[in-house]
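Single-letter residue listing:
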Amino acid sequence: MPVNQTVTDTTGYMLNVVQASDASPATIALNAGGTGAATETVVFIAPVSPNESYINVNRVTVTPTSAITGAGTHWNIVSMALYKTDGSAYATPPAGTYTTQTSLGKYVSKNIATATGGFAMKPGEVLTIKNTGNDSTGAATPALVVNVEYSIIPYI
Amino acid sequence: MSVDPAAYGYEIQFLLNAIKGSHVSQATVASNAGGTGAATETIVFIAPTESYTSKILINRVTVTPVSSITGAGTHWNIISLAQYTALGVAYGTPPAGTYTTQTSLTVFTSAQVNTSGIVLLPGETLTIKNTGNDSTGAAVPGLVVNIEYTNVPLI
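Residues numbered from 1 in each chain as written. Chains lettered and ligands numbered in written order. Predicted model: local features only at pLDDT ≥ 70, side-chain atom pairs only at ≥ 80, totals over all residues.

**Student:** Looking at this structure, I do not really get the overall build of chain B. What am I missing?
**Tutor:** Scanning chain B for helices and strands turns up one helix and nine strands. Along chain B, helices and strands appear, N-terminal first, in the series α-β-β-β-β-β-β-β-β-β. (Helix = DSSP H or I, 4+ residues; strand = E, 2+ residues; numbered from the N terminus.)

This is how it looks when you write it as structure tokens:
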């Protein structure tokens, strides 16, 4: 029985969607009151392979190295930013945030990328994480591990 | 039953392309003025040791500054790679390629360091450090080092 080439193509495409993850430490500076420069940490750079068309980021999780006790009075907002290969930022960052008003146990992970299906990155683009807002005081935030789960989408 | 050889071709292609990854790490490159003193060296990648992996092929090593580097002809550093065996012995010939801070690099843009592919055996270590400069050297901001690699399976 000959193998149907069309079916093989489809299977090959599906199997070639490579999934991987990359964890890196990040620091969320207090940046009290939203003034001053927010400390920004690069957490992922989309690989540049000759046979890929783009990267789909499926999940971006933050995992505190010590427990965060949510408090309604003082907080930080942890957000993502996306940069093109020329260093310029996309006007619309990836959707989703984590606000430290919500408790998060040590080594418990929370997905902050809330867009359905994740979001796309072109080869060489840079994903960062930073504090983009807080109340007038802000809150000390423990070191976070940021894990990026992604799929490499090949040319077909 | 006959099987179209092209179908096997796709399967082989799948195996060869099966595992790819990208890994970022933060590195500090000390000024090491005048080339004296110990160069600060940062481990940026350790080759995984899965049982099905024969070697790791690193396609690209890039450096991305967290604040802009303004290239200057007077004072500079040369940022290089080094490779160590699983027993910690440095290779006599390090991976080819450098980035010299005489070349400007805007924040969040990347420069490729390696000029050819790098082969690591499972458990081997790749580092980055300052391997040369003028008599003064130059302050270098924090660098993000990104490793793009492929696990080459045993076949």
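The structure having been displayed, the exposition proceeds.
**Student:** What is the right way to look at the overall build of chain A in this model?
**Tutor:** Scanning chain A from terminus to terminus reveals one helix and nine strands. When the helices and strands of chain A are read in sequence order from the N terminus, they spell out α-β-β-β-β-β-β-β-β-β. Residues classed as buried in chain A amount to 35% of the 156 residues present. Sequence separation of at least 24 residues holds for 82% of the intrachain contacts in chain A that already meet a minimum separation of 6. (Buried ≥ 20, exposed ≤ 12 C-beta atoms within 10 Å, placed from the backbone. Contact = placed C-beta atoms within 7 Å.)

**Student:** For this particular structure, what's the right way to read the nonpolar core?
**Tutor:** The nonpolar side chains of soluble globular proteins are, as a tendency, buried together. Counting residues in hydrophobic clusters, the biggest one holds 55 residues, and the most contacted among them are Val43, Val57, Leu127, Val146 and Val148 of chain A together with Val145 of chain B. Not counting residues up to four positions away in its chain, the partners in contact with valine 146 of chain A are Ser24, Ala26, Val43, Val60, Val62 and Ile129 of chain A. (Core = buried A, V, L, I, M, F, W, Y, C linked by C-beta atoms within 7 Å.)

**Student:** I'm lost on the sheet that holds strand β4 (residues 76-83) of chain A in this one. Help?
**Tutor:** For sheets, the rule is that strands pair by backbone hydrogen bonds, running either parallel or antiparallel. All names here are of chain A. In space, the four strands of this open sheet follow the order β2-β8-β4-β5, with antiparallel pairing throughout. Here the strands that pair on one side only, and so sit at the sheet edges, are β2 (40-45) and β5 (97-99). Strand-to-strand twist in this sheet, taken as the mean axis angle between neighbours without regard to direction, amounts to 25°. Bridge count between β4 and strand β8 (residues 126-134): eight bridges; the pairing is antiparallel. Opposite isoleucine 77, over in β8, you have glycine 133 as the bridge partner. (Pairing = 2+ DSSP bridges. Axes fitted to C-alpha atoms, helices over the stretch in contact; angles between N-to-C directions.)

**Student:** Would you mind showing me how to read unusual backbone geometry here?
**Tutor:** What you tend to see is this: most non-glycine residues have negative phi, and most peptide bonds are trans. Residues and elements named next belong to chain A. Of note, the phi angle at tyrosine 107 is positive, near 65°, even though the residue is not glycine. Inspection of the secondary structure assignment puts tyrosine 107 in the loop between β5 and β6 (110-111). Its 11 C-beta neighbours within 10 Å are what place tyrosine 107 among the exposed residues.

**Student:** Got a minute to help me understand the pairing of strand β9 (residues 143-153) of chain B in this structure?
**Tutor:** Regular strands place their side chains on alternate faces of the sheet. Residue and element names in this part refer to chain B. β9 sits mainly inside the fold: eight of its 11 residues count as buried. With 11 bridges connecting them, strand β3 (residues 53-65) and β9 associate as antiparallel partners. Across the sheet, residue isoleucine 58 finds its bridge partner in β9, namely tyrosine 149.

**Student:** Can you walk me through the environment of isoleucine 58 of chain B in this structure?
**Tutor:** All names here are of chain B. Its location among the elements puts isoleucine 58 in strand β3. C-beta crowding within 10 Å serves as the criterion here: with 21 such atoms nearby, isoleucine 58 is assigned to the buried category. Sequence separation between isoleucine 58 and proline 141 is 83 residues; the distance between their C-alpha atoms is 25 Å. Contacts of isoleucine 58, omitting those with residues within four sequence positions, involve Asn114, Gly117, Ile118, Leu120, Ile147, Glu148 and Tyr149.

**Student:** Just to check I follow, could you spell out the sheet that holds strand β4 (residues 77-84) of chain B for this structure?
**Tutor:** Residues and elements named next belong to chain B. Reading across the sheet, the four strands line up as β2-β8-β4-β5 and stay open at both edges, with antiparallel pairing between neighbours. If you trace the sheet from one side to the other, it starts and ends with β2 (41-46) and β5 (98-100), each paired once. Averaged over all pairs of adjacent strands, the angle between strand axes in this sheet comes to 25°, irrespective of strand direction. Relative to β5, β4 is paired through three bridges, and the arrangement is antiparallel. Its bridge partner being in β5, isoleucine 78 is matched across the sheet by threonine 100.

**Student:** It is not clear to me how the environment of serine 104 of chain B should be interpreted in this structure. Could you clarify?
**Tutor:** Counting through the fold element by element, serine 104 of chain B comes out in the loop between β5 and β6 (111-112). Filtering out sequence-adjacent residues up to four positions away, serine 104 of chain B remains in contact with Ile69, Thr70 and Gly71 of chain B.

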